[in-house]
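Examining the three-dimensional arrangement
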Amino acid sequence: MMPTYFLNSHVRRYLCLAIAFVLLLAAAACGQEASDAAQKRYNLVGKVVSIDKRGKMVTVAHQEIPGLMAAMTMPFMLKTEWALDVLNPGDQISAALIVEGSRTWLEEPVVTRQENTASAPPAAAAAAATTSSPLTTIRSAGDQLPSFKLVNQDGVAIDTQRYAGRALLLTFIYTRCPLPDYCILMNDNFAEINQRLSERPGLEAKTQLLSISIDPEHDTPQVMREHGLKLLKNNSKKFERWEFATGTAREVRAVAEYFGLHYEGQNDQIIHSLRTAIIAPDGKIFKIYHGNEWTAPEALRDLEAALSLHRESLLAA
């Protein structure tokens, strides 16, 4: 006959395991509920204005989204890749708009083909014309960055050639951008990179950050300086490593179009795609990020790789 004390300890052990299992299930359920609560879904209906397949972005002139925003034209990340291959400007689209923290994207798209493009909104025709423009050239690693003239936050004329000898990380923003996963995210990523560079003096000395405004009419050098100081926590000395540039409408568009970034003004907003690039110390493109899915650690690794490759080429010469 089994001793009573052994039976009790045996039962106690299984009881403890059962309780632990129940607690684990409860914790998982709570975690799932918290995740569901953090993620919100809205129904989006609108007309396609333009498509950026490489950046996985679609710009939609959408109807009012109750509880979220008024009717407007905005770019969205589209994670359903087949839709990127079939969408055309002027098509009608309905989809689930997912909002999760600072990220937004479209899922479950339903596309209705519009054969008569004459009824498409004016912005669609402009976007289509821009997309098919001869100026739209797909840039790739190894292309030489031309000399572009701009003005920095201090009103000083600058030239992209001035960064020769350093790895240049550049992106495009505008200070009034309201989208958390567009310009605001680019600012946050650059701020994180800038902070991490300050912890690595060797890399910081060989790296330059540059944020270029695509809203030169509003983003004057003074506005860019104020914007930059907020991101630099009022440390103006850090402008040496992170400059904020603007210029004439022609100058800014020349830089943007070189990298395949398209933008059009609409009321107080600018409808735009995203481009961030790393230029190697020899002035050649090392990498271009299409969209907003890149991260600060990824960019830092690529900056190091660009510098390392440059050192190797110098030693081999």
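Placed above this text is the structure.
So, a few notes on the structure that sits alongside this text. Note that this is a predicted model, so its numbers are computed, not measured. (Residues numbered from 1 in each chain as written. Predicted model: local features only at pLDDT ≥ 70, side-chain atom pairs only at ≥ 80, totals over all residues. Heavy atoms only, no water.)

1. Here's the deal with the sheet that holds strand 9 (residues 207-213)
Stated formally: At least two DSSP bridges between two strands are required for those strands to pair. Secondary structure elements are defined from DSSP: runs of H or I of at least 4 residues count as helices, runs of E of at least 2 residues count as strands, and each element is numbered from the N terminus. Throughout, an axis means a line fitted to C-alpha atoms (over the contacting stretch in the case of helices), and angles, computed between N-to-C directions, take values from 0 to 180 degrees. In this analysis, two residues are considered to be in contact whenever any of their non-hydrogen atoms come within 4.5 Å of each other.
Spatial strand order, 10-9-8-13-14: five strands in an open sheet with mixed pairing. Edge strands, defined here as strands with exactly one partner in the open sheet, are strand 10 (242-245) and strand 14 (285-290). Strand-to-strand twist in this sheet, taken as the mean axis angle between neighbours without regard to direction, amounts to 15°. Where strand 9 and strand 10 come together, four bridges link them in parallel fashion. For Leu 210, the partnering residue across the bridge sits in strand 10 and is Glu 243. The strands touched by helix 6 (residues 221-231) within the sheet are strand 8 (167-173), strand 9 and strand 10, with strand 10 carrying the most contacts at an inclination of about 150°.

2. Quick word on the sheet that holds strand 4 (residues 92-100)
Pairing is antiparallel across the open sheet formed by five strands, whose spatial order is 3-2-1-4-5. Both outer strands of the open sheet, strand 3 (72-77) and strand 5 (103-112), are each paired with one neighbouring strand and no more. Pairwise comparison of adjacent strand axes, ignoring direction, gives a mean angle of 45° for this sheet. Where strand 1 (residues 39-52) meets strand 4, nine bridges bridge the pair, whose relative direction is antiparallel. Paired with Lys 40 across the two strands is Val 99, which belongs to strand 4.

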